[in-house]
Amino acid sequence: MKKALITGITGQDGSYLSEWLLGQGYEVHGIVRRVAIEDPDHRMWRIRHLLPRLQLHSASLESYASLFQVLARVQPDECYHLAAQSFVSYSFEDEFSTLNTNINGTHHLLASLKEVAPRCRFYFAASSEMFGKVRETPQTEATPFHPRSAYGISKVAGFDLTRNYREAYGLKATSGILYNHESPRRGYEFVTRKITSHVAKIKFGLADKLPLGNLEAKRDWGHARDYVRAMWLMLQQDQPDDYVVATGQTWSVQQFVELAFACVDLDWRDHVVSDPRFFRPAEVHLLLGDASKARRQLGWAPSCSFQELVEEMVVDDLERLSDSPAGRPAAAAPRPTVSLVAAMDAGAR
Ligand code: GDD
């Protein structure tokens, strides 16, 4: 039975990837921070249903020693490095912690793999934010990077580290350059989930206004479930490489808003207000991905349309709210049981 280790297993992508890998017969291990174990209601709601089938290890991306110990013990065949400070907006507020966590975390993981599991296949979650002030549209694996945030810069560094461990030490290290991918499991701080959760609240009369920043920003939005499949396909290739994963279509934030409000027969103009707090000091330009290489070499294609994605998210938020008046996903559910395989917390903060 193949073993996979996932960092960021409690996140949107980590939860879908765990489901996918379990379905493929993998033994799935995850690295979680101690805070997640101490507060499972809040931090593990996305993997609650999978917990009995997962093996969780406590470690911190900031601690080389803790990652080293987990890797040495698990000896995974595949390692998916998804954990990061991934909210671009926050990276403007705290550049230092974004750069530290994201760059050092990737470096610690690669350096540990090289020592204790050099045959393990490694996936790095790179991002379309690396293209930033884009040099060409659509973007491919050959498009030069020009990041516009500390987050984007940290991802370029992670991408370069991954490539360098591949070239210098022969690690089977691959980067997926993923465009925005959303789902009902998206964090509430990201614009899509912010919109759909507000639409549900407004429909239920629990809110009236939705404050937003730049409505003209455009993104290439796909479904996270499709994108984790691409991650897995990348690690099934004999040769490590880099791949763009995108739908090849862009939609504006306003178009997302219009569709989401239309799902509940409301007019978005009655509710959306412009709020300067949600504009960014620097925006990326038109992010539009060309995933031809992934199509050709991995046989990957997205299965969910933009309209289906918006509708699924709105319907899910309506259902959550009707189940739980507070709108909190975990509020009504029983407390999950979390058991650690090993509390390998050496040096972890
Ligand atoms: N979050 C947020 N909140 N974004 C807003 C708002 C708002 O109120 N109003 C407008 N926006 C615009 C942002 O300015 C941005 O242009 C766009 O909505 C999308 O923002 P996010 O949903 O926060 O995502 P992101 O594009 O910055 O980053 C996501 O995608 C990247 C891949 O391209 C994240 O998932 C990153 O981790 C990922 O790498």
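About the cut-offs
Residues numbered from 1 in each chain as written. Predicted model: local features only at pLDDT ≥ 70, side-chain atom pairs only at ≥ 80, totals over all residues. Heavy atoms only, no water. Domains from an automatic or database assignment. Near = heavy atom within 4 Å. Polar contact = N/O pair within 3.5 Å; in protein donor to acceptor, adjacent residues only side chain to side chain. Areas by Shrake-Rupley, 256 points an atom, 1.4 Å probe, with all protein chains shown as cover. Helix = DSSP H or I, 4+ residues; strand = E, 2+ residues; numbered from the N terminus. Nonpolar A, V, L, I, M, F, W, Y, C, P; charged D, E, K, R; others polar. pLDDT = per-residue confidence, 0-100. Contact = heavy atoms within 4.5 Å. Phe/Tyr/Trp six-rings, centres within 6.5 Å; stacked < 30°, edge-to-face > 60°. Buried < 20%, exposed > 50% of the residue type's maximum accessible area, 1.4 Å probe, protein only. Expected span 1.5 Å × (residues − 1). Pairing = 2+ DSSP bridges. Right-handed = clockwise from strand over helix to strand, strands pointing away. Salt bridge = Lys/Arg side-chain N within 4 Å of Asp/Glu carboxyl O.

1. Section: the domain arrangement of the chain
For the chain, the assigned domains read domain 1 (3–127 + 157–177) and domain 2 (188–218 + 251–280 + 305–345). A C-alpha centroid distance of 26 Å is found between domain 1 and domain 2.

2. What to know about the site of the ligand
The environment of the ligand is made up of 24 residues, and the closest members are Ser 128, Tyr 151, Asn 180, Arg 280 and Glu 283. In the environment of the ligand, an oxygen atom lies 2.4 Å from a nitrogen or oxygen atom belonging to the side chain of Glu 283. Taken by itself the ligand offers 720 Å² of open surface, and the protein chains cover 96% of this. If you list the elements that add at least two residues to the shell around the ligand, you get helix H8 (191–203) and strand S8 (210–212). Tallied by class, residues from the shell around the ligand come to 11 nonpolar, six polar and seven charged. Split by domain, the residues of the shell around the ligand number at least three in each of domain 1 (3–127 + 157–177) and domain 2 (188–218 + 251–280 + 305–345).

3. Concerning the confidence of the model for the chain
When pLDDT is averaged along the chain, the result is 92, and 93% of the positions lie at 70 or above. Note on residues 327–338: pLDDT under 50 across the span, and 24 contacts to partners over four residues away in sequence or across chains.

4. A closer look at the packing of aromatic side chains
Enumeration according to the criterion identifies 13 aromatic pairs in this entry. Relative to Phe 306, the ring of Trp 221 lies with its centre 6.0 Å away and its plane at 20°, an arrangement referred to as stacked. Taken together, the residues Trp 221 in the loop between strand S9 (218–219) and strand S10 (222–223) and Phe 306 in helix H12 (residues 306–323) connect sequence positions 85 residues apart. Phe 306 carries the same exposure label as Trp 221, and that label is buried. Three or more aromatic residues joined by ring pairs make a cluster, and in this case those are Phe 131, Phe 145, Phe 159 and Tyr 179.

5. Quick word on helix H7 (residues 150–169)
Between the first and last C-alpha of H7 there are 27 Å, a value that for 20 residues agrees with the 28 Å anticipated at 1.5 Å per step. Among the residues making up H7, those that are buried are Ala 150, Tyr 151, Gly 152, Ser 154, Lys 155, Val 156, Gly 158, Phe 159, Leu 161, Thr 162, Tyr 165 and Arg 166. In this structure, the buried residues of H7 make contact with helix H5 (88–93), helix H6 (95–116), strand S5 (121–127), strand S6 (172–178) and strand S11 (242–245).

6. Focus: the pairing of S5
The two faces of the sheet receive side chains in turn, since in a regular strand these alternate between them. For S5, the tally of buried residues reaches six of seven residues, placing the bulk of the element in the interior. Judged from the four bridges that link them, strand S4 (residues 78–81) and S5 form a sheet pairing that is parallel. When the bridges of S5 are listed, His 81 appears paired with Phe 124. Across seven bridges, the pairing between S5 and S6 is parallel. Note on S6: the bridge partner recorded for Phe 122 is Ala 173. Viewed along the sheet, the connection from S5 through H7 into S6 turns out right-handed.

7. Quick notes on the side chain of His 223
Tracing the chain through its elements places His 223 in strand S10. Of the polar contacts made by the side chain of His 223, one reaches the backbone nitrogen of Arg 225; its length is 3.0 Å.

8. Structural notes on helix H1 (residues 12–23)
Every α-helical turn comprises 3.6 residues, leaving residues that sit three or four positions apart pointing alike. Along its 12 residues, H1 runs 17 Å from first to last C-alpha, staying within 8% of the 16 Å computed at 1.5 Å per residue. With respect to burial, H1 is a largely interior element, nine of its 12 residues being buried. For H1, the complete set of buried residues consists of Gln 12, Asp 13, Gly 14, Ser 15, Tyr 16, Leu 17, Ser 18, Leu 21 and Leu 22. In the segment just after H1, Gly 25 is the residue with positive phi, at about 90°.

9. A short note on the pattern of salt bridges
According to the stated counting rule, one finds 15 salt bridges in the structure shown. Here Glu 78 ties to Lys 2 by a salt bridge, and the two come within 3.4 Å at their closest N and O atoms. Of the two residues, Glu 78 sits in strand S4 while Lys 2 sits in the segment before strand S1 (3–7), which places them 76 residues apart along the sequence. A salt bridge links Lys 209 to Asp 208; the nearest nitrogen and oxygen atoms lie 3.7 Å apart. Taken together, the shared-partner salt bridges in this structure form one network comprising Glu 129, Arg 219 and Glu 283.

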